[in-house]
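Reading the structure
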Amino acid sequence: MFNKNITFQPYLMERNLSASAAFSCRVANVFSCTASIEKVDFSRQLFSGTIFLFLLYLKKSAESSKQSTIGYRETNMLQIFRDKSQSMFIQAVVLVIALVFIFWGVGANMMDSREAAIVVNDEEISFQEYQRTYDQLLSTYRQQFGGSVPEALLENLGLTAQVKTQLIQQALLRQGASSMGLLVSEPEVQRDIKEMVQFQEDGAFDIEKYKTILSSNRMTPHKFEASMRYNTLSSKGVTAIGNFSTTVTDAEINDLFQQAKESISLRFIKIVPTEFTDKVTIEEEALAAWFDQNKENYKSDPKLKLKFLSFPYTSDSETTEVGDEPMRAAVFQKANEAYENIISAGSLQEYAKLHPEAVILETDFFSRNNPPANLDNAPSVRNTAFSLKAGELSSLIESPAGYSILYAEAIQEPDVPPLESVREPVTADYKAQQAKKLAREKSDEILAALKGDADFSELAQTEGIEIKTATLSRGSMGSESNGFPPSLLKDVFALNSSAPLPEEPATVGDDLYIYQLTERSLPDLASITEEEKEQYRTQIINEKQDRLLLAWIRNQEKNADIYSHKNLK
């Protein structure tokens, strides 16, 4: 029923004293529930067998009573049970049933239908709580992505693992808080609920709004307040653990200040591949070989030849009324009747013979991006057309302009054209690739020269490349970045006086950058303000508390008995 050795992914937990902290947790070596399952199976068999023997015994007793009793049409089963109550067999049956109830139980346990989604140290988390947490997390992601989240992204996000991790860690925090002797009083819960803006009207708590919102979410006040009490207890646990780390030294503040305000000066050049295009020499043999390697990129688009029937809402688009339902219904009826007649006739050709009044339109071969003028250009029509096989009839296709019925008369599959027919785009692509190759070679050459103690300015002048300077800080690129890419900031601050150059040219898009550290400056400690000190102090405390809380969570998970239902993959 439950899985063993579950691995969980990190999730962001809201904290009272600091920003969100990411927890990366792994639960291993949890106990197997095989023994309990075997116990339930044994109890089920024992219980079933005992009942069967008991009923068989009563049946035999009833038959015996019928044969020996005159004047009774039917023997009373309860009376038989009373009469035989002193029987050693009956007493043995009752004893066995009692033992089954006492040691194994019946009902839900015997049917193996435990409704816990997750069990943490004997604390059960229901599927309802799991689903509610899942829905809340999904809603958060939908808000971040503007209302919808692609299925592929949902799989990559691992929502199930995130929800399991969140619920498990909240349970561990509640249990840890209880072990610390922390409690949550009724006044605390009431205060927290009254402060929630969702239940307020004109800035004040509204009891009717509170009941309405809970009812719409299928929750009772009792359950919601119990959930609030649990959440508050978890928050108290976070706070209590964080209180073990509340001190910050002046040295720590100064180190963080210097890191944040440290600045570096550098000089750099940008090498653009397009500037090497004119230096590419076209050799026919090399071009042909390159085309042979990349010919799949130049395949022609598939083309389609159609016969079709069109049923537009009106021939005069200016008189079309969106709300003209009778007209739209009439067009649909006409189109649907034609479709049914085609099916009855067996083919579009036979339909045309039986209905010479029908207007069947035709197209020449066309590609997806170049549809004919007489065909409805709606995506639904175009997509359906290119999903058909040769000789296949579409269903009735609806679009904003009306209805269409398509018949794929012939299809031209994509093929690789000869080089001569695509020489121009092939040549342009070949030159672009060779230009990138030349740019890379030149970048490697320049960087090697700089590492060989060549002068940066003289080398740039010799190559005819503009040299630029920039002053950067960790916190901001600033106006003195002079066009230096922000994505390289981390790499730049990894440089030092012993290694002022990167290992290889940096690539940003198609462009290449070579840079050299010229100066590193630390801020004057006397320039730090009291406001900045307080900001750094808060940041350091938060980071310490996050690390402490992470270590505590990992230790709790390592020593906890945690089970996850098999349906939570």
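A short tour of the structure in this document, coming up. This structure is a prediction, so every number in the text was calculated from the model and none was measured.

Description of the environment of Pro 273
Inspection of the secondary structure assignment puts Pro 273 in the loop between β8 (263-271) and α11 (284-294). Sequence-wise, Pro 273 and Gln 434 are 161 residues apart; in three dimensions their C-alpha atoms are separated by 8.8 Å.

So, helix α6 (residues 159-179)
Counted at 1.5 Å a residue, the expected span for α6 with its 21 residues is 30 Å, and the 30 Å between its end C-alpha atoms agrees. By the criterion of burial, α6 is predominantly enclosed, with 18 of the 21 residues buried. Phi for Gly 181, located one or two positions after α6, is positive at around 85 degrees.

Focus on the sheet that holds strand β16 (residues 511-521)
Strand order in the open sheet made by the 4 strands is β14-β8-β16-β15, with antiparallel pairing throughout. Looking along the sheet, the strands with just one partner apiece sit at the ends: β14 (468-473) and β15 (506-508). Strand-to-strand twist of the sheet, defined as the mean angle between neighbouring strand axes without regard to direction, takes the value 40 degrees. Here β8 runs beside β14; their pairing, made up of 6 bridges, is antiparallel. Bridge pairing in β14 links Ile 264 to Leu 472.

Brief notes about the side chain of Thr 232
Its place among the elements puts Thr 232 in helix α9 (residues 221-242). Apart from the residues lying within four places of it in its own chain, the contact partners of Thr 232 are Val 184 and Asp 192.

A short note on the nonpolar core
Membership of the largest hydrophobic core comes to 24 residues, with the highest contact counts inside it found for Ile 269, Ile 271, Phe 291, Val 426, Ile 446, Leu 450 and Ile 514. Of all the secondary-structure elements, those providing two or more residues to this core are β8, α11, α15 (423-451), α16 (456-463) and β16. The contacts of Val 426, once residues within four sequence positions are left out, are Leu 287, Trp 290, Phe 291, Tyr 298 and Leu 419. Counting residues in hydrophobic clusters, the runner-up holds 19 residues, among them Ile 125, Leu 154, Leu 159 and Ala 171.

Considerations on unusual backbone geometry
In this structure, Asn 121 is a non-glycine residue whose phi angle is positive, near 50 degrees. Along the chain, Asn 121 turns up in the loop between β4 (116-120) and β5 (123-126). Here Asn 121 falls in the partly exposed class, since its relative accessible area comes to 31%. Even without being a glycine, Asp 453 presents a positive backbone phi close to 75 degrees. For Asp 453, the position within the fold is in the loop between α15 and α16.

Examining the packing of α11 against α15
Two packed helices can be described by the angle between their axes and the distance between those axes. At a minimum axis separation of 10 Å, α11 and α15 run at an interaxial angle of 95 degrees. Between α11 and α15, the crossing angle belongs to the class labelled roughly perpendicular. In contact with Glu 284, Ala 286, Leu 287, Trp 290 and Phe 291 of α11, α15 contributes Arg 423, Val 426, Thr 427, Asp 429, Tyr 430 and Gln 433.

Regarding the packing of aromatic side chains
Summed over all chains, the structure comprises 15 aromatic pairs. Plain terms: the ring middles of Phe 257 and Tyr 536 are 6.1 Å apart, the flat faces sit at 65 degrees to each other, and that makes the pair edge-to-face. One end of the pair, Phe 257, is in helix α10 (residues 250-261); the other, Tyr 536, is in helix α18 (residues 530-558), and 279 residues separate them in sequence. Like Tyr 536, Phe 257 is buried. Among the aromatic residues, ring-to-ring pairing joins Phe 199, Phe 205, Tyr 210 and Phe 224 into one connected group. Cation over ring: Arg 328 sits above Tyr 313, and NZ or CZ is 4.2 Å from the ring centre.

A word on the pairing of strand β13 (residues 402-412)
The pairing of strand β9 (residues 303-312) with β13 spans 10 bridges and is antiparallel. Note that in β13 the partner of Leu 309 across the bridge is Ile 405. Both strand β12 (residues 397-399) and β13 contribute to a ladder of 3 bridges, which runs antiparallel. By the bridge assignment for β13, Ser 399 is matched with Gly 402. Linking β12 back to β13 in an antiparallel pair, the connection comprises 2 residues.

Re helix α7 (residues 186-194)
Buried residues of α7: Glu 188, Val 189, Asp 192 and Ile 193, and no others. Mapping the buried residues of α7 onto a view down its axis gives an arc of 130 degrees, with all of them on the same face. Summarising the contacts, the buried residues of α7 are in contact with β7 (204-205), α8 (207-216) and α9.

Looking at the pattern of salt bridges
Following the criterion strictly, the structure yields 22 salt bridges and no others. Between Glu 201 and Lys 209 there is a salt bridge, and its shortest N-O distance comes to 3.6 Å. Looking at Glu 201, the relative accessible area reads 41%, which means it is partly exposed. Across the pair Lys 307 and Glu 409 runs a salt bridge whose closest N-O atoms are separated by 3.9 Å. One end of the pair, Lys 307, is in strand β9; the other, Glu 409, is in strand β13, with 102 residues separating them in the sequence.

Rules behind the numbers
- Residues numbered from 1 in each chain as written.
- Predicted model: local features only at pLDDT ≥ 70, side-chain atom pairs only at ≥ 80, totals over all residues.
- Heavy atoms only, no water.
- Helix = DSSP H or I, 4+ residues; strand = E, 2+ residues; numbered from the N terminus.
- Expected span 1.5 Å × (residues − 1).
- Buried < 20%, exposed > 50% of the residue type's maximum accessible area, 1.4 Å probe, protein only.
- Pairing = 2+ DSSP bridges.
- Axes fitted to C-alpha atoms, helices over the stretch in contact; angles between N-to-C directions.
- Contact = heavy atoms within 4.5 Å.
- Core = buried A, V, L, I, M, F, W, Y, C linked by side-chain atoms within 4.5 Å.
- Parallel < 35°, antiparallel > 145°, perpendicular 65-115°, else oblique.
- Phe/Tyr/Trp six-rings, centres within 6.5 Å; stacked < 30°, edge-to-face > 60°.
- Lys NZ or Arg CZ within 6 Å of the ring centre and 35° of its normal.
- Arc of directions from axis to C-beta.
- Salt bridge = Lys/Arg side-chain N within 4 Å of Asp/Glu carboxyl O.

Purely geometric stuff here, so don't read any function into it on its own.
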